[in-house]
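Single-letter residue listing:
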Amino acid sequence: MNNTYFLRNKNIDCFAFDYDENENKFSNFVKLEGFNFLPPILKNSDLEQFHKYLLFNRMIPISRPNFQNIFSKKIYLEKLFQTNYSLNLDDTLWITPKENSNLKWEDINFFSNFKNVYSNEILSDNKKVKFYNNTLGKSPDFFTNGELQKTWIKRGDEIILLKSNSRFSTNIPLNEIYAEFFANQISKLFFNEILDYDINIYNGVLINECKIFTNQDTSYLPFSQIFNNKDNNIENFIKNISNLYGKDELDDLMVFDALILNIDRHLGNFGLLVNSKTYQKIKNAPIFDNGKSLIYDFNIYKGSIGKNYIKNYAKHASKFYNSFDYQLFEHVQKRHITWIEKLEKFSLKNHAKFPCDKSYFKCVKNLISNRIKAFKIIYENKAKENNW
């Protein structure tokens, strides 16, 4: 059976569509008055692309380790539409059933009506979401993307995102939480607009926490909602991003990622802050989501083979280039000499209350020292090539 829904930006109807849950099929896509108040990916989409947007860009991804436990191996997409309206804390888009078309944004959005009944379940490895009178409870987590287990909470007047570590082969914990905390220290040397990450315990789970950086008037627009696919011509792709992000700003981000060996700077992990209605750029989004860096997967590598893998980590591919060192060479500029000077004075600090394992802390300190050496060599080579 088809049910009709409206996708809205706040109280403006952007388009209507039908959805058949039995067939998991969308149909009858109709543009409405607010169609221009949408992110670029939806303005240029067809029904197939819209389906992908809802399932892969907006929802908890299937690749989330506890996905099947949360949903009992079934996605309750229609129930999510009917109870949580596809609401998240990134933007002001939402979906309402036709029979509830009298609902107002002011009454149901999570920015001013925060509620999350599933934080424990979303962070847990084995808890399933509970239904209340055959209805799902309220939570912005269902439409918070990303592979790490994460949940939103409210502490006083502040909305805060919590993220836990992932595991390798179910039983080897990785170090995203500490990598994020350490990368955050390094980022403060170079950037003004960053998310500040701390480490804490939430209901027995070790987590990162950071404050929200959006609100009802300012949305986060990741580059994944601007560019459908990465251009095979990397020069064109980088140029297109630079036109929106700024060349100097993109160079800085690429140099930073190459220094910390960030393997996860995909198009969802950086972007713009935009006007929630018009999607016009306000400024670049702060630097965030650096957890898959600084050899966060250190616990996997054992013995001589593991040590050799770690030694050659910088030769591995980044999200944009064949190696981190090549990315560093491509984006380093004359002004980055000041970065080298700052790094040489930098001293990494372990967390005072929840310190990481000594072996991983030593690994990160050694890595930073080696990356400074590599940075200096690559900078000198680039300086010679460009007569700096």
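Everything below is about the structure shown above.
What you are looking at is a predicted structure, and each value in this text was computed from that prediction instead of being measured.

J.: Quick rundown of the pattern of salt bridges? Include the residues and the values.
T.: One side chain can pair with another of opposite charge once the charged atoms of both are near each other. Scanning the model with the defined rule gives 17 salt bridges in all. The shortest N-O distance in the salt bridge between Arg 265 and Asp 257 comes to 2.8 Å. The partner of Lys 376 in a salt bridge is Glu 344, with the nearest N and O atoms 3.0 Å apart. Placement of the pair is Lys 376 in helix H13 (residues 358-386) and Glu 344 in helix H12 (residues 337-344), with a sequence separation of 32 residues. Given the relative accessible area of 33%, Lys 376 is considered partly exposed. Here the salt bridges do not stand alone but share partners, grouping Lys 163, Glu 180 and Asp 289 into one network.

J.: Please set out empty space enclosed by the protein residue by residue, giving values where relevant.
T.: Counted according to the given criterion, the structure contains 2 cavities of 30 Å³ or more. In this model, the largest cavity occupies a volume close to 60 Å³. Forming the walls of the largest cavity are Ile 186, Leu 259, Ile 260, Leu 343, Ile 368, Arg 371 and Ile 372. Here the lining of the largest cavity takes 3 residues from H13, the largest share from any one element. Around the second largest cavity sit Met 254, Asp 257, Asn 262, Arg 265, Ser 318, Lys 319, Phe 320 and Gln 327, which together line it.

J.: Talk me through the packing of aromatic side chains; I want residue IDs and the actual numbers.
T.: Describing an aromatic ring pair means giving the distance of the ring centres and the angle of the ring planes. The tally for this structure, following the rule as stated, stands at 40 aromatic pairs. Plain terms: the ring middles of Phe 190 and Phe 191 are 6.4 Å apart, the flat faces sit at 85° to each other, and that makes the pair edge-to-face. Their ring planes at 45° and their centres at 5.4 Å tell us that Phe 213 and Phe 288 sit as a pair that is tilted. Placement of the pair is Phe 213 in the loop between strand E12 (205-211) and strand E13 (218-222) and Phe 288 in the loop between strand E15 (281-284) and helix H10 (303-311), with a sequence separation of 75 residues. Taking relative accessible area as the criterion, Phe 213 reaches 22% and is therefore assigned partly exposed. Seen from the ring of Phe 329, Lys 382 lies directly overhead, with NZ or CZ sitting 5.3 Å from the centre.

J.: Explain the pairing of strand E2 (residues 12-20) to me, and be specific about the residues and the numbers.
T.: The buried fraction of E2 amounts to 8 of the 9 residues, a majority that puts the element mostly inside the structure. Judged from the 8 bridges that link them, strand E1 (residues 2-9) and E2 form a sheet pairing that is antiparallel. Considered in E2, the bridge of Phe 6 is made with Ala 16. Two successive antiparallel strands, E1 and E2, enclose a turn made up of 2 residues, where Lys 10 displays a positive phi of approximately 55°. Bridging between E2 and strand E3 (residues 25-31) involves 5 bridges; their strand directions are antiparallel. Bridge assignment links Asp 18 to a residue of E3, and that residue is Ser 27. The turn joining E2 and E3, which pair antiparallel and follow one another in sequence, is formed by 4 residues; a positive phi near 50° is taken by Asn 24.

J.: Can you explain the sheet that holds E13? Please cite residues and give values.
T.: Spatial ordering of the open sheet is given by E13-E14-E15, a layout of 3 strands whose pairing is antiparallel. Strands at the two margins of the open sheet, each flanked by one partner only, are E13 and E15. Sheet twist, expressed as the average angle between the axes of neighbouring strands with direction ignored, equals 30°. Across 3 bridges, strand E14 (residues 271-275) lies against E15 in antiparallel orientation. When the bridges of E15 are listed, Leu 273 appears paired with Lys 283. With respect to the sheet, helix H8 (residues 234-245) is in contact with E14 and E15, its orientation differing from that of E15 by roughly 110°.

J.: If you had to explain the nonpolar core to someone new, which residues and values would you point to?
T.: Ranked by internal contacts, the top residues of the largest apolar core, which has 94 residues, are Phe 182, Ile 241 and Leu 294. Counting residues per element, this core draws most heavily on H13, at 10 residues. Beyond its immediate sequence surroundings of up to four residues, Leu 294 is in contact with Ala 179, Phe 182, Ala 183, Ile 186, Ile 260, Leu 261, Tyr 360, Val 364 and Leu 367.

J.: Could you give me a rundown of the pairing of E13, with the residues and numbers involved?
T.: Each regular strand carries side chains that alternate between the two faces of the sheet. Of all 5 residues making up E13, 5 are buried, and the element is well covered by its neighbours. Burial along E13 is two-sided: Thr 218, Tyr 220 and Pro 222 and Ser 219 and Leu 221, pointing in opposite directions, are all buried. Bridge count between E13 and E14: 5 bridges; the pairing is antiparallel. Residue pairing for E14: Thr 218 is matched across the bridge by Asn 275.

J.: How would you explain unusual backbone geometry if you had to name every residue and give the values?
T.: The phi dihedral of Tyr 85 is positive, around 60°, even though this residue is not glycine. Overall, the relative accessible area of 9% leaves Tyr 85 in the buried class. Although it is not a glycine, Tyr 279 sits at a positive phi angle of roughly 60°. For Tyr 279, the position within the fold is in the loop between E14 and E15. A relative accessible area of 9% places Tyr 279 in the buried class.

Thresholds applied
- Residues numbered from 1 in each chain as written.
- Predicted model: local features only at pLDDT ≥ 70, side-chain atom pairs only at ≥ 80, totals over all residues.
- Heavy atoms only, no water.
- Salt bridge = Lys/Arg side-chain N within 4 Å of Asp/Glu carboxyl O.
- Helix = DSSP H or I, 4+ residues; strand = E, 2+ residues; numbered from the N terminus.
- Buried < 20%, exposed > 50% of the residue type's maximum accessible area, 1.4 Å probe, protein only.
- 1 Å grid on protein atoms, 1.4 Å probe; cavity = no way out; pocket = protein on both sides within 12 Å on 5 of 7 lines; lining within 4 Å.
- Points joined across faces, edges and corners; volume = space filled by probe spheres on them.
- Phe/Tyr/Trp six-rings, centres within 6.5 Å; stacked < 30°, edge-to-face > 60°.
- Lys NZ or Arg CZ within 6 Å of the ring centre and 35° of its normal.
- Pairing = 2+ DSSP bridges.
- Axes fitted to C-alpha atoms, helices over the stretch in contact; angles between N-to-C directions.
- Contact = heavy atoms within 4.5 Å.
- Core = buried A, V, L, I, M, F, W, Y, C linked by side-chain atoms within 4.5 Å.

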